[in-house]
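Working through the structure, step by step
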Amino acid sequence: LFHLLLSTSALVSVGVSLQSGTNGLLVTDAAGQRILDMGAPVTNIVIDFMVDFDARNRRHITSAKFRTNSIYNKIAGMMKGAGTNFTHIGFGNWCLGDRQDLLFDSLEVRGSEAINGGTNPITLSNTLFNLTGSRTYYYRVASMSLDGGVTYGNSASFYTGLDFAISSAFSGGSFAQGSTGQFTINVSNVGGANGTGTITVTNQIPMGMTITSMSGSGWTFNTNNRTATRSDRLNRGLSYNSILVNVSVASNAPSKVTNVTSLSLSSTDGNLSNNTAISATSVAPGPDLVLLTPAPSR
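This part is about the sheet that holds strand E6 (residues 59–66). Strands sit in the order E5-E6-E7 across an open sheet of three strands; the sheet is antiparallel. Only two strands of the sheet have a single neighbouring strand rather than two, namely strand E5 (47–54) and strand E7 (73–78). Strand-to-strand twist across the sheet, computed as the mean angle between neighbouring axes with direction ignored, equals 15°.

Here the protein shows a mean pLDDT of 79. Residues at 70 or above account for 73%. For the protein, strand E1 (residues 2–6) is the element with the lowest average pLDDT, namely 44, and strand E19 (residues 227–230) is the one with the highest, namely 95. Here residues 1–8 is modelled with pLDDT under 50, and outside its nearest four sequence neighbours on either side it reaches 45 contacts, counting other chains as well.

Looking now at the pattern of salt bridges. Pairing between side chains becomes possible if they bear opposite charge and their charged atoms approach one another. Throughout the structure, instances matching the rule amount to four salt bridges. Between Arg-34 and Asp-29 there is a salt bridge, with the nearest N and O atoms lying 2.5 Å from each other. Taking the shortest distance from any N to any O, the salt bridge between Arg-67 and Asp-48 comes out at 2.7 Å. In this pair, Arg-67 is assigned in the loop between E6 and E7 and Asp-48 in strand E5, connecting sequence segments 19 residues apart. Shared partners join several salt bridges into a network, and the residues in it are Asp-48, Lys-65 and Arg-67.

Calculation criteria
- Each chain has its residues counted from 1, running along the sequence as written.
- The predicted origin of the model limits local features to residues at a pLDDT of at least 70 and limits the giving and counting of side-chain atom pairs to 80 or more, whereas totals for whole chains, interfaces and linings rest on all residues.
- No hydrogens and no water enter the side-chain calculation; it runs on all heavy atoms of the structure.
- For two strands to count as paired, DSSP must find a minimum of two bridges between them.
- Each helix corresponds to a stretch of at least 4 residues labelled H or I by DSSP, and each strand to a stretch of at least 2 residues labelled E; elements are numbered beginning at the N terminus.
- The angle between two axes is taken between their N-to-C directions and runs from 0 to 180 degrees, where each axis is a line fitted to C-alpha atoms and a helix contributes only its stretch in contact.
- The pLDDT value tells you how sure the predictor is about a given residue, anywhere from 0 up to 100.
- Residue contacts follow a heavy-atom distance rule, with two residues in contact if any of their heavy atoms lie within 4.5 Å.
- Here, a salt bridge means any Lys or Arg side-chain nitrogen found within 4 Å of an Asp or Glu carboxyl oxygen.

Next up, the structure:
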């Protein structure tokens, strides 16, 4: 008897079955017991087993062939139990009747180690050649399961020309009326060409907030603290130093505020869809102050 195990529960079991004469191997999975017909008696002969399993989709393909054959007989299905962490593979002699013993002489495990433990994202890279400049290319990542099923990821794109992108985010979660806050602006070159020319970042600060200062290495800020500029080269795949914007929050600021940040280039940016960033945060009520006056003396 062969078991692919999760903790103490058999996900897939393979054994000899007399339900199909002497030609069948019994495969037990989430669908119950099924017969893998070998087409010839399975007793007193050497059989090669092979089990491919897909932990993410909980699929398996169980294959078997006589040692003298070159083609495997296969059966596919869903594994039993739950979870995706396989602890061990077990073997045992199953003897419930005549001619039902399986004697295993060797075990080989191939490609069983999951990348990053099968739980964390990984970075994939691929070099592309002969791309046309200043053009948008679209792509998506696909994964294939054991039985040939294909799952596609979200569509994405990249631009082979100059493409600057901006992002912004408020720091520290929500703000409070009558207090101060900060948000961060980042500018990156996500295109396929190195960037030159003057870049200008502009803030459209929401009602109820006032910019008190802006800072960031390499940036020049104007007198009213609403724009930042620089003109040094930014190579593809890199980012400028972040811009930190400090604000004061009015005592009557609305419960939700939205900041709009945009960038412009003196040179041609081939993709304008990522030249504006919108970030929102909530504003909590300020402290409720109560004025206490002493009672008049008698």
